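Analysis of the macromolecular model
Spelled out from the first residue to the last, the chains are:
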Amino acid sequence: MMAAQKLRSYHCSNSGVPPLQHSLPELLDIRGDANPDKEAYVVRDIGVPRQAITFGEMKLRTQQLAAAFIAHGLKKGERVSLMCPTSIDYVVCEYAIARTGGILVRLQSSFKTEQDLKYLLGKSGAKWIIAQPGHNGKNYELFTTICPGLRDHDPKMKLGVEGLPDLEKIFILGEEPYEGTILLKSITSSQKFDLKELYQRQTLLTNDDIQGLNMTSGSTGYPKLVAQPYAYGINGWRNASMMNGITDRDIYITDRPMPYSGGMTGPAFGIGYTMVYVVTKASVGAGSEGSEFMLQCAEEEKCTVLLTFPYLLTDLVQLAQKGKFNAGKVRVGIFGGQSVNSALFTQCLNVIPNLLNMYGSSESNIPVGALLQDSVEKRASTTGIAVDGEAKIVDEAGDIVPVNTDGELCVRLKSLFVKYWGDDELTKQVKTADGWFLTADRAVMDHEGYITIKGRKQEIISRATVKIYPLTLENVIIKHPKITLVIVVGVPDARLYEEICACVVPHKDKKMTEAELREYCDGIFGECEDGLSLGPKYFVLLDSLPYGPTGKVDRRKVRKIAIEQLGMDTM
């Protein structure tokens, strides 16, 4: 008997994947005892020796460091800011803090301004900073700016920093000591610790407790601190993975940074597979050389699951066509963070047949994703179906809309974020009393429950009375044979509020003019509801697009570049 088609935009996952009941500290010990010699994390970078650590080593090193943290006065619920790029040091610190019940504040590995760092340290109420000194001591120099007198400070004493009353100590990762700080390795190498207090504290931890504060990407405003529970890292990726046959026998590779939700390290313990990380700047900042290195690592490490952003998918196709990449053992490719047009998706299937889209955020983890059992058409044209918890599409009044009707995507799941740290009012705006998270993403759901993300509310171009979704235009413009990348943004217009601007990166070996691009768009875009063309009014040709630290295109910077090149005033 055929199942009845949906009439309302609501779907509940039926994954059949039970959540893990073990706490994170228990999992560290379980995996370490069961597979002591199996690699848990591998880190690869261009021109840098391979880093790796086993599950057994993770158990012992995190125990030792956690006990040292307790001996130095770290209590449950106290915040520790970690300024460290993707590395073995990062995961050891992350899980040592987790064992103590302390709360990790995941910061970028470096900051450009004193104001950025002071804001986030103050917002989180961080007690400690653990950091790499940075290139040529850049991070340390920043610390001396926010902590006047640091060079003459006795590290055995508490710091007294104006405006940062909670900040007590700064620990430095590495081999070289810095004035006023404590060399982290010195607190574990010079003494032995009784693990009894550590185990007593671990028994009081639950998966509902807050493990970390994660910075949002800042793509829609100043970064917020998203409080994520232990369950976020343990169970968040399990449903989507196990529904697609991904198990502890797989080897997973990604170029997303460890400090970001997209690069979360928890699946190594939640699922039990080896996680291979390629340092982001090696894959994004190095251009085609970096993409080739990323794919080379996938082959060398015998990876079976590849997670990336769409930019790499473009490079993957081109490298495969040139014979520079063979998918080898990669059987599942996963992308997310941005939408992929159907043409690129189809091309990628010739390289990695099992290609899946996944949707998530710092607040919601991975609530929606594609399944291998779905048809190619479904996987190419939709974002996927609810794979963890519930999903619904609502209107402005919060009511569920009929299927195939545009609205806001809302999700409800057990690994949802707890709150925005230090901002209860903002939390109430996006998280309802009955547990729904309002994602601020526009979407539609079909009669089978499959969801298509249309774009963020903040990305919508408001031209007079018409709302225009950039993704709709991008999926058409990208089909031009001379174009490799396109981002559509709204630029100021004195009369209509915003107008459409297409920022285009042509193929390097193909010349393109604005006139040629305009003629192409005039031929494919018709009149919109407001009587104006749906095609862009402005075009900006660029050599490349700006990326954020996680590899995602920074649309705010693209818009700024467009406005500058067009000689406009910001609104």
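All residue numbers here refer to positions counted from 1 along the written sequence of the relevant chain. Local features in this predicted model are restricted to residues of pLDDT 70 or higher, and side-chain atom pairs are both shown and tallied only at a pLDDT of 80 or more, whereas totals for entire chains, interfaces and linings draw on every residue. Only heavy atoms go into the side-chain values, all of them from the structure, while hydrogens and water stay out.

**Considering the packing of aromatic side chains**
Operational definition: Two rings from Phe, Tyr or Trp (for Trp, the six-membered ring) form a pair when their centres are within 6.5 Å of each other. A pair whose planes differ by under 30 degrees is stacked, one over 60 is edge-to-face, and the rest are tilted. Remark: a charge is flagged as sitting over a ring if the NZ atom of Lys or the CZ atom of Arg is within 6 Å of the ring centre and within 35 degrees of the ring normal.
One pass over the full model with this rule turns up 11 aromatic pairs. An aromatic cluster of at least three residues, connected via ring pairs, comprises Y41, F55, Y95 and F269. Over the ring of W421 we find K419, and its NZ or CZ is 5.0 Å from the ring centre.

**Considerations on the environment of E78**
Here is the rule we go by: Under the scheme used here, helices are H or I runs from DSSP no shorter than 4 residues and strands are E runs no shorter than 2 residues, and both carry numbers assigned from the N terminus. In this analysis, two residues are considered to be in contact whenever any of their non-hydrogen atoms come within 4.5 Å of each other.
By secondary structure assignment, the location of E78 is in the loop between α2 (55-71) and β4 (79-83). If near-sequence neighbours (up to four positions away) are discounted, E78 is found in contact with G73, G102, I103 and K127.

**Thoughts on the state of the cysteines**
Selection rule: Note on terminology: disulfide denotes any pair of cysteine sulfur atoms within 2.5 Å. Relative accessibility decides the category of a residue: with a 1.4 Å probe and only protein chains considered, values under 20% of the type maximum give buried, values over 50% give exposed, and everything between is partly exposed.
Under the definition given, this model contains zero disulfides. There is no disulfide at C501, and the cysteine sulfur nearest it, in C503, is 4.1 Å away. On the basis of relative accessibility, which here comes to 0%, the residue C501 falls in the buried class. Residue classification places C503 among the buried residues on the basis of a relative accessible area of 0%.

**Structural notes on the nonpolar core**
Applicable threshold: Definition used in this section: a nonpolar core is a set of buried Ala, Val, Leu, Ile, Met, Phe, Trp, Tyr and Cys residues joined via side-chain atoms within 4.5 Å.
Core analysis: the largest hydrophobic core is formed by 88 residues, its most contacted members being Y41, F69 and I130. Residues in contact with F69, not counting those within four places in the same chain, are L74, A96, I97, T100, W128, I130, L184 and I187. Grouped together as the second largest cluster of nonpolar side chains are 29 residues, I103, L107, F143 and I146 included.

**A short note on the sheet that holds strand β18 (residues 390-394)**
As a reminder of what qualifies: Strands were regarded as paired on the criterion that DSSP finds at least two bridges between them. Interaxial angle, 0 to 180 degrees, is taken between N-to-C directions of lines fitted to C-alpha atoms, where a helix line uses only the stretch in contact.
Read across the sheet, five strands follow the order β1-β18-β19-β21-β22 without closing on themselves; strand pairing throughout is antiparallel. Either end of the sheet is taken by a strand with one partner, and the two such strands are β1 (10-12) and β22 (451-456). Taken over all neighbouring pairs, the strand axes of this sheet differ in orientation by 35° on average, direction set aside. Where strand β21 (residues 437-445) and β22 come together, five bridges link them in antiparallel fashion. Among the inter-strand pairings, A443 is bridged to a residue of β22, identified as I453.

**Details of the pairing of strand β25 (residues 483-493)**
For β25, a buried count of 10 out of 11 residues is recorded, marking the element as mostly surrounded by other parts of the structure. The pairing of β25 with strand β26 (residues 497-506) spans 10 bridges and is classified as antiparallel. Bridged to D493 within β26 is Y497.

**Brief notes about helix α4 (residues 114-124)**
Heads up, the rule is: In this description, one arc is meant: the one made by directions from the helix axis to the C-beta atoms.
Along α4, the positions that sit buried rather than exposed are L117, L120, L121 and S124. The arc enclosing the buried residues of α4, seen along the axis, measures out at 100°, which places them on a common side. Contact partners of the buried residues in α4: β4, β5 (103-107), β6 (128-131), α5 (138-146), β9 (210-215) and β10 (225-229). Positive phi shows up at G125, right after α4, with a value of about 65°.

**Considering the pairing of strand β7 (residues 169-172)**
The test is simple: With its strands directed away from the observer, a crossover is right-handed exactly when the path from the first strand over the helix to the second travels clockwise.
Residues K169 and F171 line one face of β7 and the alternating positions I170 and I172 line the opposite face, and both faces are buried. Here β6 pairs with β7 via four bridges, running parallel. Paired with I129 across the two strands is I170, which belongs to β7. In this fold, the crossover linking β6 to β7 by way of α5 has right-handed handedness. One ladder, built from two bridges, connects β7 with strand β8 (residues 182-183); its direction is parallel.

**Remarks on the pattern of salt bridges**
Applied cut-off: When a carboxyl oxygen of Asp or Glu lies within 4 Å of a side-chain nitrogen of Lys or Arg, that pair is called a salt bridge.
Overall, the coordinates contain 22 salt bridges when judged by the stated rule. E141 is the partner of R151 in a salt bridge, and the nearest nitrogen-oxygen pair spans 2.8 Å. In this pair, R151 sits in the loop between α5 and β7 while E141 sits in helix α5, placing the two residues 10 residues apart along the sequence. The exposure class of R151 is partly exposed, given its relative accessible area of 40%. What makes E141 partly exposed here is its relative accessible area of 37%. Salt bridges sharing common partners tie together E39, R44, R50, E300 and E301.

**Considering the sheet that holds strand β27 (residues 538-541)**
Spatial strand order, β25-β26-β27: three strands in an open sheet with mixed pairing. Of all the strands in the sheet, the pair left with one neighbour each is β25 and β27. Shown here is a sheet whose adjacent strand axes are inclined to one another by a mean of 25°, direction ignored. Each of β25, β26 and β27 touches helix α18 (residues 514-524); the most contacted strand, β27, lies at about 135° to it. On top of the sheet, helix α19 (residues 555-565) reaches β25, β26 and β27; it is set at about 70° to β25, its chief contact.

**A closer look at unusual backbone geometry**
The bulk of non-glycine residues show a negative phi, and the bulk of peptide bonds are trans. For N365, which is not a glycine, the phi torsion comes out positive at approximately 65°. Assignment of secondary structure puts N365 in strand β16 (residues 365-369). According to the relative accessible area criterion, N365 is buried, its value standing at 1%. In this structure, A440 is a non-glycine residue whose phi angle is positive, near 70°. Within the secondary structure, A440 sits in strand β21.

**Examining the packing of α4 against α5**
What counts here: Orientation labels follow simple angle bins: below 35 degrees gives roughly parallel, above 145 gives roughly antiparallel, 65 to 115 gives roughly perpendicular, and whatever is left gives oblique.
For the pair α4 and α5, the least separation of the axes is 10 Å and the interaxial angle reads 70°. Considered as vectors, α4 and α5 are oriented roughly perpendicular to each other. For the pair α4 and α5, the contacting residues are E114, L117, K118 and L121 in the first and L142, F143, T145 and I146 in the second.

**Digging into the packing of helix α1 (residues 24-34) against helix α3 (residues 88-100)**
Look at α1 against α3: their axes get within 8 Å of each other, and the N-to-C directions meet at 125°. Taken together, the axes of α1 and α3 are oblique relative to one another. Facing α1, whose interface residues are L24, P25, L28 and D29, α3 presents Y95, A98 and R99.

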